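Tertiary structure, described
Chain by chain, the residues:
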Amino acid sequence: MNIGNDAVELYVSKVKPLVYQRIFRSVMAYIGGSGESYQSITQRVNTIADSKTRFALMAVLAKNASIISEAEANQAINAAPSRQMMHVLRAILAGGGAATAAVLPASGLVAKWSVDDLTPVADGTAVSAWNDSVGGLPAVQATGGKQPLYKTNRLNGKPSLLFSGGQLMTAGTPAAIVTPMTNKVITIMVIFKGVTATTYGALYSGSTALSGSWLLYADATRVGRYNGSNLSTAALHSGSGFTSIAFTMEDTTAFSSGTRQERLYINGGCVGASPAVPDGTNDSIGFGGRAADSGLNLKGEVFDYLFWNRALTPAEVATAHAWACEKYGQAKPWDAVSKFYAFHGDSETQGTGTNAPEDTYPYKTAASLGLTYGQWTNLGVGGITINNMTAKAPTQVDPLAAATGKTLVVPCFEYYNSAAAHPTPANDMIAYLQARRTAGCKIVFATSMDSFLLNETDRSAYNSYWASNYATYTDSYAAIHTNANIGVDGSCGASQPSTYFADTIGHPTAAGYTVLAGLMTTAIQALP
């Protein structure tokens with residue numbers, strides 16, 4: 001986020017002592033292109049007596065010189081001696097031209113329909129043809145009454161296409177899109193706003209068959225993927241504001257690997273996922289509706305359709321949303337917070353046992369913390385082991401700090417899928433936690449939930465170890481195993497479902513996830 005130099009000067013003018021103000025202004029001038037050498041400006045900064053302020057200002061210079069990342073600079077700023085000094089340093093970091101524009105991930109981008117790539121026409125003009133800018137793939141509509149309308153100057157001077165419930169553009173079955181869809185390794189992202197559809201307004205469809213699993217929709221209450229019989233992944237959202245929805249699939253790896261997933265993202269953060277990657281027919285790609293059913297057509301404005309022939313990582317999805325925010329003059333959701341939260345774990349993090357993302361513990365925890373979409377992400381993976389969490393985190397978790405420029409908080413736990421490795425789960429978790437610490441993450445760690453199927457002696461030993469040693473490896477801790485509803489031995493009995501458990505494995509019900517969210521929320525709030 002960039003802010004003007006006048007705003008930065010307002011912050012700097014409050015710095016005490018006055019000699020610091022002169023040094024801070026020299027740094028501002030250097031970042032703005034004064035011509036002073038890097039060696040000279042660092043010598044000035046090294047005269048600052050307070051070591052924490054000196055270190056943080058050096059970090060700002062290092063970020064400007066691309067020596068360190070923005071996330072690393074923010075970590076140094078977080079150690080400043082006062083909240084006022086933190087604000088000043090962040091203002092200089094944001095205001096001196098140091099921020100780098102987000103770049104749309106290029107690897108695997110196979111199609112990009114952007115309305116601003118159309119030849120400009122008058123406001124309200126019906127659009128009959130729209131070619132993608134990567135491979136020239138056409139989306140067309142020959143019938144005048146079914147053509148969306150070109151709307152000028154909708155966001156940041158950019159145009160949109162308006163779908164009013166009866167419009168549809170079709171793109172046939174191009175191999176560039178159908179092949180990755182059929183292979184179940186794809187990312188689809190749609191940038192839109194102003195949705196008023198009352199039910200299943202189809203942003204995108206891949207099939208004329210309703211059971212085809214390829215319907216991404218937005219209506220007055222939810223956005224998600226509809227597969228013809230249920231809302232496979234969907235989340236509460238009015239659809240009225242500026243929004244990106246992304247759907248990723250990867251079905252080339254083993255169940256427990258950590259990547260065999262379909263994920264639904266809203267505004268750059270994952271809100272719902274499933275390891276059961278769907279099948280689907282791919283016989284007619286549609287924008288704004290589905291060819292066989294006008295009752296599912298969209299009511300809203302669309303700006304971009306983006307397709308990759310691979311599953312973008314969580315950080316890449318966040319970067320793509322940042323690209324859209326910058327393009328359309330919208331604030332990034334994480335700009336309003338100092339920390340970004342990446343929930344990591346197995347099916348109990350993912351949300352198995354409940355039917356809606358808002359019943360999962362990450363969703364409930366985020367709500368308790370006052371977070372909005374794009375300020376947190378649910379990276380739970382059904383079946384994942386601790387070792388596979390460790391293997392996947394360097395690409396799936398850690399890069400989110402750089403993508404958002406925020407301190408990355410990782411609430412995490414896993415035991416059930418690693419229990420068979422007795423007595424090593426604690427050692428495996430130590431390796432995972434140490435690696436996250438090395439990557440600069442703040443760790444909120446939790447012990448295990450009960451399961452009727454687990455050896456309680458082994459589980460008790462694991463939990464006892466962490467009760468005694470959590471402070472060595474974590475920043476905050478939730479003792480799930482001591483909770484009478486979901487943690488103590490016997491709380492998940494042989495007869496399920498019950499109030500708090502959906503099965504004997506130990507997957508919680510919505511009520512159980514509420515208990516879990518309460519424990520994790522308290523631990524997150526206790527972070528130093």
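Bear in mind the structure is a predicted one, so any value in this text is a computation, not a measurement.

1. Looking at the overall build of the chain
For the chain, the helix and strand inventory stands at 15 helices and 22 strands. Taking the intrachain contacts of the chain between residues at least 6 apart in sequence as the baseline, contacts between residues at least 24 apart amount to 69%. Looking at the chain as shown, the accessible area adds up to about 19,400 Å², and 52% of this sits on carbon and sulfur atoms.

2. Quick word on the pairing of strand β10 (residues 215–218)
Residue alternation in β10 divides its side chains into two sets, L215 and Y217 and L216 and A218, and both sets are buried. As paired strands, strand β9 (residues 202–205) and β10 are joined by three bridges and run antiparallel to one another. When the bridges of β10 are listed, Y204 appears paired with L216. When β10 meets strand β11 (residues 222–226), the two strands line up antiparallel, connected through four bridges. The partner of Y217 across the bridge, within β11, is G224. Turn length for the β10-β11 hairpin, with the two strands adjacent in sequence and antiparallel, is three residues.

3. Let's talk about the pattern of salt bridges
Within the structure shown, the criterion is met by 15 salt bridges. A salt bridge links D398 to R436, with the nearest nitrogen and oxygen atoms 2.8 Å apart. Within this pair, whereas D398 is found in the loop between α11 (386–396) and α12 (400–404), its partner R436 is found in helix α13 (residues 425–438), the two being separated by 38 residues in sequence. Summarising the burial analysis for this pair, D398 and R436 share the class buried. Where R437 meets D475, a salt bridge forms, and the shortest distance between an N and an O atom there is 3.5 Å.

4. A closer look at the packing of aromatic side chains
On inspection of all chains with the given rule, the structure shows 22 aromatic pairs. Ring centres 6.0 Å apart and planes at 65 degrees place the aromatic pair W130 and Y305 in the edge-to-face group. Of this pair, W130 sits in strand β3 (residues 129–131) while Y305 sits in strand β17 (residues 299–308), and the two are 175 residues apart along the sequence. Owing to a relative accessible area of 0%, Y305 belongs among the buried residues under this scheme. Ring geometry for W334 versus F340: centroids 6.3 Å apart, planes at 80 degrees, classification edge-to-face. The same class applies to W334 as to F340, namely buried. By the ring-pair criterion, three or more aromatic residues cluster together here, those being W113, W130, Y204, F287, Y305 and F307.

5. Some words on the environment of F445
With respect to the secondary-structure elements, F445 resides in strand β21 (residues 442–446). With relative accessibility at 0%, the residue F445 sits in the buried group. Note: C-alpha distance between F445 and A523 (78 residues apart in sequence) is 8.4 Å. Non-local contacts of F445, meaning those with residues more than four positions away in its chain, are made with C412, M429, L433, Y462, W466, T474, S476, Y477 and A478.

6. A short note on the sheet that holds β21
What the five strands build is an open sheet, ordered β19-β18-β20-β21-β22; its pairing is parallel. In the strand order of this sheet, the two ends are held by β19 (376–380) and β22 (476–478), each with one partner. With strand direction ignored, the average angle separating the axes of adjacent strands in the sheet is 20 degrees. In terms of strand pairing, β21 meets β22 through three bridges, oriented parallel. Across the sheet, the residue bridging to F445 is Y477, located in β22.

7. Examining helix α4 (residues 51–64)
The terminal C-alpha atoms of α4 lie 20 Å apart, and with 14 residues this matches the ideal 20 Å at 1.5 Å per residue to within 8%. Those residues of α4 that sit buried are T53, A56, L57, A59, V60, L61, A62 and K63. At the N-terminal end of α4, a side-chain oxygen is found 3.3 Å from the backbone nitrogen of K52, two or three residues along, and the residue is D50. Downstream of α4 by a residue or two, S66 has a phi angle that is positive, lying close to 60 degrees.

8. So, unusual backbone geometry
Generally, phi is negative for residues other than glycine and the peptide bonds are trans, each holding for most cases. Cis geometry marks the peptide bond from H422 to P423; its omega dihedral reads 5 degrees. Its place among the elements puts P423 in the loop between β20 (407–413) and α13. Phi at K184 is positive, roughly 60 degrees, even though this residue is not glycine. Mapped onto the elements of the fold, K184 is located in the loop between α7 (175–183) and β8 (185–193). According to the relative accessible area criterion, K184 is buried, its value standing at 13%. The backbone phi angle of N267 is positive, close to 55 degrees, even though this residue is not glycine. By the secondary structure assignment, N267 is in the loop between β14 (261–266) and β15 (269–274).

9. Examining the pairing of strand β1 (residues 109–114)
Burial analysis of β1 places six of its six residues in the buried class, the great majority of the element. Direction of pairing for β1 relative to β17: antiparallel, over a ladder of five bridges. By the bridge assignment, L109 is partnered in β17 with W308.

Cut-offs and rules
- Residues numbered from 1 in each chain as written.
- Predicted model: local features only at pLDDT ≥ 70, side-chain atom pairs only at ≥ 80, totals over all residues.
- Heavy atoms only, no water.
- Helix = DSSP H or I, 4+ residues; strand = E, 2+ residues; numbered from the N terminus.
- Contact = heavy atoms within 4.5 Å.
- Areas by Shrake-Rupley, 256 points an atom, 1.4 Å probe, with all protein chains shown as cover.
- Buried < 20%, exposed > 50% of the residue type's maximum accessible area, 1.4 Å probe, protein only.
- Pairing = 2+ DSSP bridges.
- Salt bridge = Lys/Arg side-chain N within 4 Å of Asp/Glu carboxyl O.
- Phe/Tyr/Trp six-rings, centres within 6.5 Å; stacked < 30°, edge-to-face > 60°.
- Axes fitted to C-alpha atoms, helices over the stretch in contact; angles between N-to-C directions.
- Expected span 1.5 Å × (residues − 1).
- Polar contact = N/O pair within 3.5 Å; in protein donor to acceptor, adjacent residues only side chain to side chain.

On their own, these measurements won't tell you what the molecule is for.
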